[in-house]
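Each chain, written out:
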Amino acid sequence: MNQNGIIKAVCPLDCPDQCGLLVHKKNGKIIKVAGDPDHPVTQGHICNKVRHMADRINDENRLKYPLKRVGPKGSGQFERITWGEALETITAHWKNLIQTDGPESILPYSFYGNMGNLSAEGMDRRFFHRLGASQLDRSICSSAGSAGYKYTMGGSFGVDPEDTIHSKLFIFWGINAVSTNMHQVALAQKARKQNGAKIIVIDVHRNQTGRLADWFIPILPGTDSALALGIMHILFAEDLVAEDFLQKYTVGQEELREHVLQYDPSTVSGITGVPVEDIYKLARMYGKSSPSYIRIGNGPQHHDNGGMFVRTVACLPALTGQWLVKGGGAIKGNGGYLAHNEIRLQRPDLLKNKNTRIINMNLLGDALLTLDPPVKSLFVYGSNPAVVAPNGNKVREGLAREDLFTVVHDLFLTDTAKYADIILPATSSFENTDFYTSYWHHYIQLQQPVIEPFGEAKSNVEVFRLLAKGMGFDEQAFAETEAEMIGAALDHPRNPYLEGIDFEGLAEHHYLKANVKPLFPGKLPTPSGKIELYSEKMKANGHPPLPTYIPLKEDGDFDYSFVPAPNHNFLNSTFSNNQKHTTLEKEPRLHMNVRDAVAEGIEDGTKVRVWNHRGECVLKVSVGENVLPGVLATQGLWANQKGTQQLVNSLTPDRIADMGGGATFFSGRVKVEKI
Ligand code: SF4
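Note that the structure is predicted; figures quoted are calculated from it, not measured.

Draft legend 1. Just the pattern of salt bridges, in detail. Under the definition given, this model contains 36 salt bridges. Here glutamate 462 makes a salt bridge to arginine 465, at a shortest N to O gap of 2.9 Å. Taken together, the residues glutamate 462 and arginine 465, both in helix H21 (residues 460–471) and three residues apart, mark about one turn of the helix. In this structure, a network of salt bridges that share partners links the residues Arg69, Lys73, Glu402 and Asp421.

Here is the structure:
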């Protein structure tokens, strides 16, 4: 490995842009991370988070060697041990547990802290399948919306984002894209400059993206499907629908036409808080602009009715026939195009008991506190549930259980790691071999080690290889190299878009574009092969078969909707422990409408206690017009700053959304009081 140079790399974060990077290296250390100007989509531009990534990679606070706990859980008192002792302690404990309580007493808990497919869902899955551990339903992020979109479109298939440069109208719906999909914003701004495209942002919070819009439409939380239905009402009523497209490529258009009569603008305005004239203006702009493009965000799907929202808004481009226009249509997620061979990568055949229980990760608190038979051991990697999981007080109470044997594999002593019995130091993505598949653009990228592992850190693949050895698992699956695993994952005859893409090609070119064909006139993977405006499958699964507004569930007698959204400089809790990022972000703020502030006697900058039946936080208020009356919004998952005072997930519900086992982070209600 060269000690100096500029090396191509890929951003590992859970972000749709999946930027191409150039890592600058001197004397064996990363000194700078920049964008790769040759990358066809991201073109050399990267966000603030990753521009300062070198500081994080070289941070002296990174974990350098394995640790064992020597103080009370949560106290952060650990002492150094060897890898041998760490692995022996873990495997001895698990062998015992398997004897006494069975393998399902062990629960892996992970998410996409590193989006590399081997790191996030490779050797770990093989290992836990072979172990027979409880399975985790990884539904904390986009699963409700993906399930909803699938009912309409058959899978995660949208337009090629590169085509949106031709769009005349961009609707960013419930996405702070400036912070979470910046290259889509760049495309929109370019289109605005080149073809006079208009940018509309619909959101509960006038955030960075709302501020750059030509038109920002504030909306009450959890009412987005009603607005989409109101748009449909006007499109049908004013003959702004593409009848040819509806006849050829959809099912249920007549039922939908009848059904949306009830969503007249006045009714919809009463639900959403959007004025009647704005609903007309929005529907007419959408109906008359072509190409028009909707970027469907994750925000509105973090609700009790989140799946139905995405299912509903996904019908809009069908009504206007936009799927046939280059640059028209929508993206919720494009992961379907780059789907790899999960069976070969994850080896579910190694799981002998096909009835092994599945635990929804949004219910971690319950899983640790009340599940019977109980979870006796937890292995956490690529995630920080003490901060990011909903109903956080419950989660932390569970993690504090003395009889819970917890192992954490991470780069830092996170809030979750403080509860661990054993901590294993993790490599960063720049120390690993892995492959990355964007869920927005159509490129697959390869990462190969740029630097040596930090201290004694090991990759996720290596840790599970060693654990397999310690458990006495001798299947060939645990001996495969990273290159072999990538080769197997890319060998996926059922996905024609991956044809011709293999490890060798990626090693030569760093990134390759999937061979994606236009969605139409092809058949969609829905039961009818068409866009399902009416879905028999939804009916069979207990949902209304037509797009429908379903109000949020009761969440106690509290005055305000509470929306804890992402901020600009963190990615969930990643970077919340890095000084540069916290300095840039300054402090978490609670956005409150001026009318509510006057009624509460709260001034800008006042510290308030935000509370409900689940917990409390202490936040400083920003008074203004950034949210509607009755709504409170904050940004960022702050950790390691002021104890638990800023852990906003202390307030969020752990109810499960209508579809996909999804999370309902934004469906909570709270009260506020001055401190
Ligand atoms: S976080 Fe997103 S925008 Fe930032 S560098 Fe990574 S992929 Fe690019």
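Picking up where we left off.
Draft legend 2. Seen up close, the sheet that holds strand E19 (residues 443–447). Ordered in space as E18-E19-E20, the three strands form an open sheet in which the pairing is antiparallel. Two strands close off the open sheet at either side, each with one partner strand: strand E18 (434–437) and strand E20 (511–513). Averaged over all neighbouring strand pairs, the angle between strand axes comes to 20 degrees, with direction disregarded. Note that E19 and E20 share three bridges and pair antiparallel. Within the sheet, the bridge partner assigned to glutamine 445 lies in E20 and is tyrosine 511. Against the sheet, helix H22 (residues 482–490) contacts E18 and E19, and its axis sits at roughly 30 degrees relative to E18.

Draft legend 3. Looking closely at helix H3 (residues 83–100). An ideal rise of 1.5 Å per residue puts 26 Å on 18 residues; H3 measures up with 26 Å between its terminal C-alpha atoms. Buried within H3 are the following residues: Trp83, Ala86, Leu87, Ile90, Thr91, Trp94 and Leu97. The buried residues of H3 occupy one face: seen down the axis, they fall within an arc of 125 degrees. For H3, exposure combined with an orientation more than 90 degrees from the buried face picks out Glu88, Asn96, Gln99 and Thr100. Immediately beyond the C-terminal end of H3, within one or two residues, lies glycine 102, with a positive phi of roughly 85 degrees.

Draft legend 4. Spatial organisation of the site of the ligand. Neighbouring residues of the ligand: Cys11, Leu13, Cys15, Asp17, Gln18, Cys19, Ile46, Cys47, Lys49, Val50 and Met182. Tallied by class, the residues present in the shell around the ligand amount to eight nonpolar, one polar and two charged.

Draft legend 5. Focus on the packing of helix H6 (residues 143–153) against helix H15 (residues 306–313). At a minimum axis distance of 7 Å, the contact between H6 and H15 shows a crossing angle of 40 degrees. Judged by the sense of rotation from one axis to the other, the crossing of H6 with H15 is right-handed. Judged by residue contacts, Ala144, Gly145, Gly148, Tyr149, Tyr151 and Thr152 of H6 engage Gly306, Gly307, Val310 and Arg311 from H15. Here the contact of H6 with H15 is composed, by residue class, of four nonpolar, five polar and one charged.

Draft legend 6. Structural view of the pairing of E18. In E18, alternate side chains face the same way, and those of Asp434 and Tyr436 on one face and Phe435 and Thr437 on the other are all buried. Here E18 folds back onto E19, and the loop between the two strands holds five residues.

Draft legend 7. Quick look at the packing of aromatic side chains. Going through the model one piece at a time under the given rule, you end up with 26 aromatic pairs. Centre to centre, the rings of phenylalanine 127 and phenylalanine 128 are 5.2 Å apart; their planes meet at 80 degrees, and the pair counts as edge-to-face. Look at phenylalanine 127 and you get buried, because its relative accessible area is 0%. Judged by its relative accessible area of 6%, phenylalanine 128 falls in the buried class. These aromatic residues form a ring-pair network of at least three members: Trp94, Phe127, Phe128, Phe379, Tyr381, Phe464, Phe473 and Phe478. Taking the ring centre of phenylalanine 575 as reference, the NZ or CZ of arginine 56 above it sits at 5.2 Å.

Draft legend 8. Summary view of the nonpolar core. Trp94, Phe127 and Trp173 are the most contacted members of the largest nonpolar core, which totals 164 residues. No other element matches helix H10 (residues 224–237), which puts nine residues into this core. The residues touching tryptophan 94, leaving out its near neighbours within four places in the chain, are Ile106, Phe127, Phe128, Leu131, Ser377, Phe379, Phe405, Leu467 and Met471.

Draft legend 9. Molecular detail of the packing of H10 against H15. The geometry of H10 relative to H15 is characterised by a closest axis approach of 8 Å and an angle of 20 degrees between their N-to-C directions. In terms of axis orientation, H10 runs roughly parallel to H15. H10 and H15 meet at a crossing whose hand is left-handed. From H10, Asp224, Ser225, Ala228, Leu229 and Met232 reach across to H15, where they touch Met308, Phe309, Thr312 and Val313. When its residues are assigned to classes, the contact of H10 with H15 shows six nonpolar, two polar and one charged.

Reading the values: rules and limits
Residues numbered from 1 in each chain as written. Predicted model: local features only at pLDDT ≥ 70, side-chain atom pairs only at ≥ 80, totals over all residues. Heavy atoms only, no water. Salt bridge = Lys/Arg side-chain N within 4 Å of Asp/Glu carboxyl O. Helix = DSSP H or I, 4+ residues; strand = E, 2+ residues; numbered from the N terminus. Pairing = 2+ DSSP bridges. Axes fitted to C-alpha atoms, helices over the stretch in contact; angles between N-to-C directions. Contact = heavy atoms within 4.5 Å. Expected span 1.5 Å × (residues − 1). Buried < 20%, exposed > 50% of the residue type's maximum accessible area, 1.4 Å probe, protein only. Arc of directions from axis to C-beta. Near = heavy atom within 4 Å. Nonpolar A, V, L, I, M, F, W, Y, C, P; charged D, E, K, R; others polar. Left-handed = near helix turned anticlockwise from the far one by under 90°. Phe/Tyr/Trp six-rings, centres within 6.5 Å; stacked < 30°, edge-to-face > 60°. Lys NZ or Arg CZ within 6 Å of the ring centre and 35° of its normal. Core = buried A, V, L, I, M, F, W, Y, C linked by side-chain atoms within 4.5 Å. Parallel < 35°, antiparallel > 145°, perpendicular 65-115°, else oblique.

That is the geometry; function is a separate question.
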